[in-house]
Amino acid sequence: MSAVPLVRRVDSRFSKLAHCRCCRSKPGNLIIICIYASSAKEPTLKYLCNSDRVKEGKSVGFEVEGLALMAIRRAGQIYVYRNRCPHRGVALEWQPDQFLDSSASLIQCATHGALFLIESGECVAGPCEGQALGAIACAEDADGVWINLPEQARDD
Ligand code: FES
């Protein structure tokens, strides 16, 4: 099932969220965030890290509620994906926090070398070409980086 952006009301704690990269929603009088509506269950908003933790052109691995994730910053924008290759379902990194190829312009799977676009997670070369990494909806504000974990992600 493909993920569909959806705007939902949330409580006032999250009124400072910056725009969402998947639907470009912006905070205003209406308190909104963007989530992926791939599950009928409610998603859970979680604090991931301070903004300084993911530096420009770098990647960092995380584990949140038993899910392996990676965050990458490129051109100032933060991207978060499941740390799971769509080819064999294994972790992607070469070493801790090392998810990028030598040019730091693509995500690379350490097992068979598949290459993924940082901006979309799409595989552009390798055995899973045309498939994509599992994107995690995220936003950044003055407090740091926030992610939205759909229930479905925690179930699979
Ligand atoms: S497991 Fe990632 S490319 Fe094969």
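Residues numbered from 1 in each chain as written. Predicted model: local features only at pLDDT ≥ 70, side-chain atom pairs only at ≥ 80, totals over all residues.

**Digging into the sheet that holds strand 4 (residues 59–64)**
Move 1: Within the open sheet, the 3 strands sit side by side as 4-5-6. Their pairing is antiparallel. Only two strands of the sheet have a single partner each, and these edge strands are strand 4 and strand 6 (77–82). Mean inter-strand twist for the sheet, computed between neighbouring axes without regard to direction, equals 25°.
Move 2: Relative to strand 6, strand 5 (residues 67–74) is paired through 6 bridges, and the arrangement is antiparallel. Within the sheet, the bridge partner assigned to M70 lies in strand 6 and is Y81. (Pairing = 2+ DSSP bridges. Helix = DSSP H or I, 4+ residues; strand = E, 2+ residues; numbered from the N terminus. Axes fitted to C-alpha atoms, helices over the stretch in contact; angles between N-to-C directions.)

**With respect to the environment of H87**
Move 1: Looking at where H87 falls in the secondary structure, it is placed in the loop between strand 6 and strand 7 (106–108).
Move 2: As for H87 and A132, which are separated by 45 residues in sequence, their C-alpha atoms are 9.5 Å apart.
Move 3: In this structure, H87 is in contact with C109, H112, A114, P127 and C128, ignoring residues within four places of it in sequence. (Contact = placed C-beta atoms within 7 Å.)

**What about the environment of E65?**
Move 1: Within the secondary structure, E65 sits in the loop between strand 4 and strand 5.
Move 2: By the C-beta count within 10 Å, which is 10 here, E65 ends up exposed.
Move 3: A C-alpha to C-alpha distance of 9.3 Å links E65 and L149, two positions 84 residues apart in sequence. (Buried ≥ 20, exposed ≤ 12 C-beta atoms within 10 Å, placed from the backbone.)

**Quick look at the environment of S103**
Move 1: Positionally, S103 belongs in the loop between strand 6 and strand 7.
Move 2: Residues S103 and G57, 46 residues apart in the sequence, show an inter-C-alpha distance of 9.6 Å.

**Thoughts on the pairing of strand 5**
Move 1: Summarising the sheet, strand 4 and strand 5 pair through 6 bridges and their orientation is antiparallel. Along strand 5, the bridge assignment pairs G61 with M70.
Move 2: Connecting strand 5 to the next strand, strand 6, in antiparallel fashion are 2 residues, including A75 with a positive phi near 50°.

**Describing the nonpolar core**
Move 1: One finds M70, A71, V80, I136, C138, V145 and I147 to be the most contacted residues of the largest nonpolar core, which totals 31 residues.
Move 2: Among the secondary structure elements, those contributing two or more residues to this core are strand 4, strand 5, strand 6, strand 10 (137–141) and strand 11 (144–149).
Move 3: If we ignore the near neighbours within four places in the chain, the residues touching C138 are I78, V80, V145, W146 and I147. (Core = buried A, V, L, I, M, F, W, Y, C linked by C-beta atoms within 7 Å.)

**Looking at the sheet that holds strand 9 (residues 123–125)**
To summarise the sheet geometry, strands pair through backbone hydrogen bonds and adopt either a parallel or an antiparallel arrangement.
Move 1: Spatially, 7-8-9 is the arrangement adopted by the 3 strands of the open sheet, whose pairing is antiparallel. If you trace the sheet from one side to the other, it starts and ends with strand 7 and strand 9, each paired once. Across this sheet, the average inter-strand angle for adjacent strands is 40°, counted without regard to direction.
Move 2: Judged from the 2 bridges that link them, strand 8 (residues 115–117) and strand 9 form a sheet pairing that is antiparallel. Directly across from F116, in strand 9, lies its bridge partner C123.

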